[in-house]
Amino acid sequence: MSFKRKDLLGLASLSPEEMALILEAAEPFKEVSGREIKKVPALRGKTVVNLFFEPSTRTRTSFELAAKRLSADVVNFSPSSSSVVKGETLLDTARNIEFMQADILVLRHSSAGAAEILAKNSRLSVINAGDGWHEHPTQALSDLLTIKEKKGQVRDLRVAIVGDLAHSRVARSNIHALTKMGANVRAVGPPTMIPLSLQRLGVEVFHDFDKAIAGVDVVITLRLQLERQGRSLFPSIREYARLYGLTAERVQRAAQDVLVMHPGPVNRGVEIAHDVVDSGSAVILDQVANGVAVRMGLMYLLAQRN
Ligand code: CP
């Protein structure tokens, strides 16, 4: 099976086979990142443009590293020093980049659907690097690869996703990825952070973290978005941490070999305790390492099609 898509906008529309294909493509690239000279010629002559309208450490850096390790030419586009500040629209910006003969556009934007609009209106291959509260597909694929590597399979695993699922693009993409791959997903958080519509995606909803974590194989903690929603959706950060923070005590209730995951950036002591972040159960930095390989695999597949 080959990857026939022009873009990667989300995982809602991807089949399990397509997701497996991206993970398969990523695996050999892990070895490349371990070499002294971390480069292969797979994207030589191609141009990748990173267009990030929101702050990012992991996603932007790993897309840049992934493209450079594939020998692509990489341009990092900063909206604050571009003609966007003079009023140029997102679509006009993308069309200009297209006519400079770029091949892949990686977009992070605060509006859900921004990547889809560009994908429909340009010949560029568009990769959604996070659009509003909608999806963050490459993060979920990195998480999927990490779970598969550590557990050997995804099917039938019990996975708890804890926190502000209402405003989390990572949660949405992970729910699509994990349910399609046959995991049993539990959504955990206060009612203000768990939309009822999640049940339609095949997840079991819990408001009691101590019950939800019992026996799970994987816990994905989500960042409490302090800058956006935390204070209005919960009486206090301290209260949130008490009821929904992942502590070492709570980890004891999960399966003995539980994986603790977090997409980053982490609020230590809020959604996850300091000692849990640094514990042997945490695979947070493995998720980051796999993010480079997944993005290399994805760009390789998209470039094959171009
Ligand atoms: N996981 C994630 O998207 O992190 P960044 O915001 O640092 O890219």
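Placed above this text is the structure.
What you see as residue numbers is a count from 1 along each chain, following the sequence as written. Residues qualify for local features only when their pLDDT is at least 70, as the model is predicted, and side-chain atom pairs are given and counted only at 80 or more; totals for whole chains, interfaces and linings, by contrast, use all residues. Side-chain numbers here rest on the full set of heavy atoms in the structure, without hydrogens or water.

*Asks:* Would you mind going over helix 1 (residues 16-33) with me for this structure?
*Replies:* Because each turn of an α-helix spans 3.6 residues, side chains separated by three or four positions in sequence point in the same direction. Strands are runs of DSSP state E lasting at least two residues, helices are runs of H or I lasting at least four, and both sets are numbered from the N terminus onward. To estimate the expected span of a helix, count its residues, drop one, and scale the result by 1.5 Å. For helix 1, which comprises 18 residues, the first-to-last C-alpha distance of 26 Å matches the rise-based estimate of 26 Å (1.5 Å per residue) to within 8%. The bend at a residue is defined as the angle formed between two axes, one fitted to the seven residues ending at that residue and one fitted to the seven starting there. The principal kink in helix 1, of about 30°, is found at E27, preceding the proline P28 by one to four residues. Every buried residue of helix 1 is listed here: E18, M19, L21, I22, L23, A25, A26, F29 and V32. The contact definition used throughout considers only heavy atoms, calling two residues in contact when any of these lie within 4.5 Å. Packing partners of the buried residues in helix 1 comprise helix 5 (137-151), helix 6 (169-180) and helix 12 (284-305). Only protein chains enter the accessibility calculation, which uses a 1.4 Å probe; a residue whose area is less than 20% of its type maximum is buried, one above 50% is exposed, and one in between is partly exposed.

*Asks:* Is there a simple way to explain the packing of helix 5 against helix 12 in this structure?
*Replies:* Packing of helix 5 against helix 12 leaves a shortest axis separation of 8 Å and a crossing angle of 115°. In terms of orientation, helix 5 and helix 12 fall into the roughly perpendicular class. The two elements helix 5 and helix 12 cross, and the hand of that crossing is right-handed. Contact residues: helix 5 offers T138, Q139, L141, S142, D143, L145, T146, E149 and K150, while helix 12 offers D286, Q287, N290, G291, V294, R295 and L298. Axis geometry follows a simple rule: fit a line to the C-alpha atoms, using only the stretch in contact for helices, then measure angles between N-to-C directions, giving values from 0 to 180 degrees. Any angle from 65 to 115 degrees is called roughly perpendicular, while one under 35 is roughly parallel, one over 145 is roughly antiparallel, and all others are oblique. Here a crossing is called left-handed whenever its near helix is offset anticlockwise from the far helix by less than a right angle, and right-handed whenever the offset is clockwise.

*Asks:* I tried to follow empty space enclosed by the protein on my own but got confused; where do I start?
*Replies:* With a probe scaled to a water molecule rolled over the atoms, the places where space remains empty come into view. With a 1 Å grid laid over protein atoms only, a set of points is called a cavity when a 1.4 Å probe fits there but cannot get out and a pocket when it is open yet has protein on both sides within 12 Å along at least five of seven lines; lining residues have an atom within 4 Å of a point. Grid points are joined across faces, edges and corners, and a volume is the space filled by probe spheres set on the points. Counted by the stated rule, this structure contains 1 cavity of 30 Å³ or more. Of the voids in this model, the largest cavity is the one considered here, and its volume is about 80 Å³. Around the largest cavity, the lining residues are R58, T59, S62, Q139, S142, H262, P263, Q287, V288, G291 and R295. Sorting the residues of the lining of the largest cavity by element identifies helix 2 (58-69), helix 5 and helix 12 as the ones contributing at least two each. A per-element tally of the lining of the largest cavity places helix 12 first, with 4 residues.

*Asks:* When you look at the layout of surface pockets in this model, what are you seeing that I'm missing?
*Replies:* Roughly 510 Å³ of internal volume is contained in the largest pocket. In terms of lining residues, the largest pocket is bounded by 23 residues, among which R108, R169, R223, G264 and P265 are the most central. For the lining of the largest pocket, the elements supplying multiple residues, two or more each, are helix 2 and helix 6. Three classes are used: nonpolar for Ala, Val, Leu, Ile, Met, Phe, Trp, Tyr, Cys and Pro, charged for Asp, Glu, Lys and Arg, and polar for all others, with Gly counted as polar. Classifying every residue of the lining of the largest pocket gives 5 nonpolar, 10 polar and 8 charged.

*Asks:* Any chance you could explain the site of the ligand here in plain terms?
*Replies:* Around the ligand sit S56, T57, R58, T59, R108, H136, Q139, P263 and G264, and that is every residue in its neighbourhood. Any N or O atom pair separated by 3.5 Å or less is treated as a polar contact, with the protein-specific requirement of one donor-capable and one acceptor-capable atom, and with residues adjacent in sequence counted only for side-chain atom pairs. Within the side chain of Q139, an N or O atom sits 3.0 Å from a nitrogen atom of the ligand. Interatomic distance of 3.4 Å between a backbone N/O atom of G264 and a nitrogen atom of the ligand. Whether a molecule lies in a cavity or pocket depends on its atoms, and more than half of them have to be within 2 Å of the grid points. With respect to the detected pockets, the ligand is housed in the largest pocket. Here the shell around the ligand is built from residues that sort into 1 nonpolar, 6 polar and 2 charged. Residues lining the shell around the ligand come from more than one domain, with at least three contributed by each of domain 1 (16-136 + 291-304) and domain 2 (137-287). In this text, near means that some heavy atom of the residue lies within 4 Å of the molecule or strand in question. As used throughout, domain bounds are those supplied by an automatic or database domain assignment.

*Asks:* Which parts of the structure should I look at to understand the sheet that holds strand 4 (residues 125-131)?
*Replies:* Strand pairing in a sheet relies on backbone hydrogen bonds. The paired strands run either parallel or antiparallel. Paired strands are those between which DSSP finds at least two bridges. Taken together, the 4 strands give an open sheet; going across it, the order is 2-1-3-4, and neighbouring strands pair in parallel fashion. Looking along the sheet, the strands with just one partner apiece sit at the ends: strand 2 (73-77) and strand 4. Neighbouring strand axes in the sheet, compared pairwise and without regard to direction, differ in orientation by 15° on average. Where strand 3 (residues 104-109) lies against strand 4, 5 bridges are found, and the strand directions are parallel. The residue of strand 4 that forms the bridge with I104 is S125. Contacting strand 1 (47-52), strand 3 and strand 4, helix 12 runs over the sheet at an angle of about 150° to strand 4.

*Asks:* Would you take a moment to explain the packing of helix 1 against helix 12 for this structure?
*Replies:* The angle between the axes and the distance between the axes are what describe a pair of packed helices. Where helix 1 meets helix 12, the axes come as close as 7 Å, and the angle between the chain directions of the two elements is 120°. Between helix 1 and helix 12, the crossing angle belongs to the class labelled oblique. In the packing of helix 1 onto helix 12, the handedness of the crossing is right-handed. On helix 12, the residues touching L21, I22, L23, A25, A26, F29, K30, V32 and S33 of helix 1 are N290, V292, A293, V294, M296, G297, L298, Y300 and L301. The residue inventory of the contact of helix 1 with helix 12, partitioned by class, reads 14 nonpolar, 3 polar and 1 charged.

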